[in-house]
Structures are given as structure tokens and as C-alpha cells.
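Descriptive structure summary
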Amino acid sequence: QVQLVESGGGLVQAGGSLRLSCVASGSIFSMNFISWYRQAPGKQREFVAAMTTGGFTNYADSVKGRFAIFRDTTKNTTYLQMNSLKPEDTAIYYCNARTSIPPRGYWGQGTQVTVSS
């Protein structure tokens, strides 16, 4: 069992920045893939950013050059640094983790990000 706790969301003006955090706990010894998704009201959940424990990263085209995903392994925390925020970034942001033993995915509870114009 893996637990994911997200924080850092809030209300910001366009052009501002936020840093989201995802703290993992429980049976995380085989965790090998961390990602962020987001979902706006009435829309499907979409991929934002991902990284492996080895450091490989990938980003959605809509956030390339503005967002960055990174980890602090000493704290078992994954961050999403969000810069140059736009109103279309407004959504609930979810952390996702995958383990190999057993092969399974986990979701956090989500944190709200609202960007005003």
C-alpha cells in the first residue's frame, strides 16, 4: 500500500508561480515512476509531467518550458514547479505513482490550482 499526499495548490494571478508537492509513504520500495496529471471541471484528466527514479523526464507540450518535475529523495517528495502560469492551467492537479512489486498505480487526493486573468 502506497499513500500520496499532495499540497501547494492555491490562487495566483497569470504569470505567477506555484510549487506543488507530493509526499509518498508506505510500501514504496519498488516505486519506479512518478507523474502529475490535471483535470479541469467538465474535462478529462490529462497528462502533465512524469519522471522515472532514474531521472528521465517527459512533459506535455502545453507546459514545456514552463513546468519542471523533480524529486528530493531524502524526503521522498516529488515536486512540480509551475512558472508563467496561465488561466488555462486552472485545474485539480493529481500525483500518480507506480510500483513494480506488485505492478500497481496509486493516485493522490488532488490539489486545486486556480489562475486568474
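In the block above lies the structure referred to throughout.
So, here's what we can say about the structure. Remember, predicted model here, so these are calculated numbers, not experimental data.

**Observations concerning empty space enclosed by the protein**
- Evaluation of the coordinates by the stated rule reveals one cavity of 30 Å³ or more.
- For the largest cavity, the calculated volume is near 30 Å³.
- Considering the residues around the largest cavity, the lining is formed by Leu 4, Cys 22, Val 23, Ala 24, Met 31, Ile 34, Arg 71, Asn 76, Thr 77, Thr 78 and Cys 95.
- At the level of elements, β3 (18-26), β4 (31-39) and β8 (77-82) are the ones that each hand at least two residues to the lining of the largest cavity.
- The residue inventory of the lining of the largest cavity, partitioned by class, reads seven nonpolar, three polar and one charged.

**Remarks on the nonpolar core**
- Of all hydrophobic cores here, the largest spans 28 residues; its most connected members are Leu 4, Trp 36, Val 48, Phe 67, Leu 80, Met 82 and Tyr 93.
- Elements with a minimum of two residues in this core: β1 (2-7), β3, β4, β5 (46-52), β7 (67-72), β8, β9 (91-100) and β11 (111-116).
- When neighbours within four sequence positions are excluded, Phe 67 is seen to be in contact with Arg 38, Val 48, Tyr 59, Leu 80, Gln 81, Met 82, Asn 83, Leu 85, Asp 89 and Tyr 93.

**Some remarks on the environment of Tyr 79**
- Following the sequence through the fold, Tyr 79 ends up in strand β8.
- By relative accessible area, which is 13% here, Tyr 79 ends up buried.
- Taking the C-alpha atoms as reference points, Tyr 79 and Trp 36, 43 residues apart in sequence, are found 9.2 Å from one another.
- Those residues in contact with Tyr 79, other than ones at most four positions away along the chain, are Arg 19, Leu 20, Ser 21, Trp 36, Ala 68, Ile 69, Phe 70 and Asp 72.

**Considering the pattern of salt bridges**
- The full count for this structure, using the stated rule, is four salt bridges.
- Two residues, Asp 89 and Arg 38, come together in a salt bridge whose shortest N-O distance is 3.0 Å. With Asp 89 in the loop between β8 and β9 and Arg 38 in strand β4, this pair connects stretches of sequence that are 51 residues apart. When sorted by exposure, Asp 89 lands in the same class as Arg 38, which is buried.
- Among the salt bridges present, the one from Asp 61 reaches Lys 64, with a minimum N-O distance of 3.1 Å.
- Given the relative accessible area of 48%, Lys 64 is considered partly exposed.
- Each of the salt bridges in this network shares a partner with another, and the network as a whole consists of Arg 38, Glu 46, Arg 66 and Asp 89.

**Some thoughts on the side chain of Thr 99**
- Structurally, Thr 99 can be placed in strand β9.
- Classification of Thr 99 by relative accessible area gives buried; the value is 5%.
- Polar side-chain contacts of Thr 99 include one of 2.7 Å to the backbone oxygen of Pro 102.

The rules behind the values
Residues numbered from 1 in each chain as written. Predicted model: local features only at pLDDT ≥ 70, side-chain atom pairs only at ≥ 80, totals over all residues. Heavy atoms only, no water. 1 Å grid on protein atoms, 1.4 Å probe; cavity = no way out; pocket = protein on both sides within 12 Å on 5 of 7 lines; lining within 4 Å. Points joined across faces, edges and corners; volume = space filled by probe spheres on them. Helix = DSSP H or I, 4+ residues; strand = E, 2+ residues; numbered from the N terminus. Nonpolar A, V, L, I, M, F, W, Y, C, P; charged D, E, K, R; others polar. Core = buried A, V, L, I, M, F, W, Y, C linked by side-chain atoms within 4.5 Å. Buried < 20%, exposed > 50% of the residue type's maximum accessible area, 1.4 Å probe, protein only. Contact = heavy atoms within 4.5 Å. Salt bridge = Lys/Arg side-chain N within 4 Å of Asp/Glu carboxyl O. Polar contact = N/O pair within 3.5 Å; in protein donor to acceptor, adjacent residues only side chain to side chain.

Any functional reading would require information beyond the geometric quantities listed.
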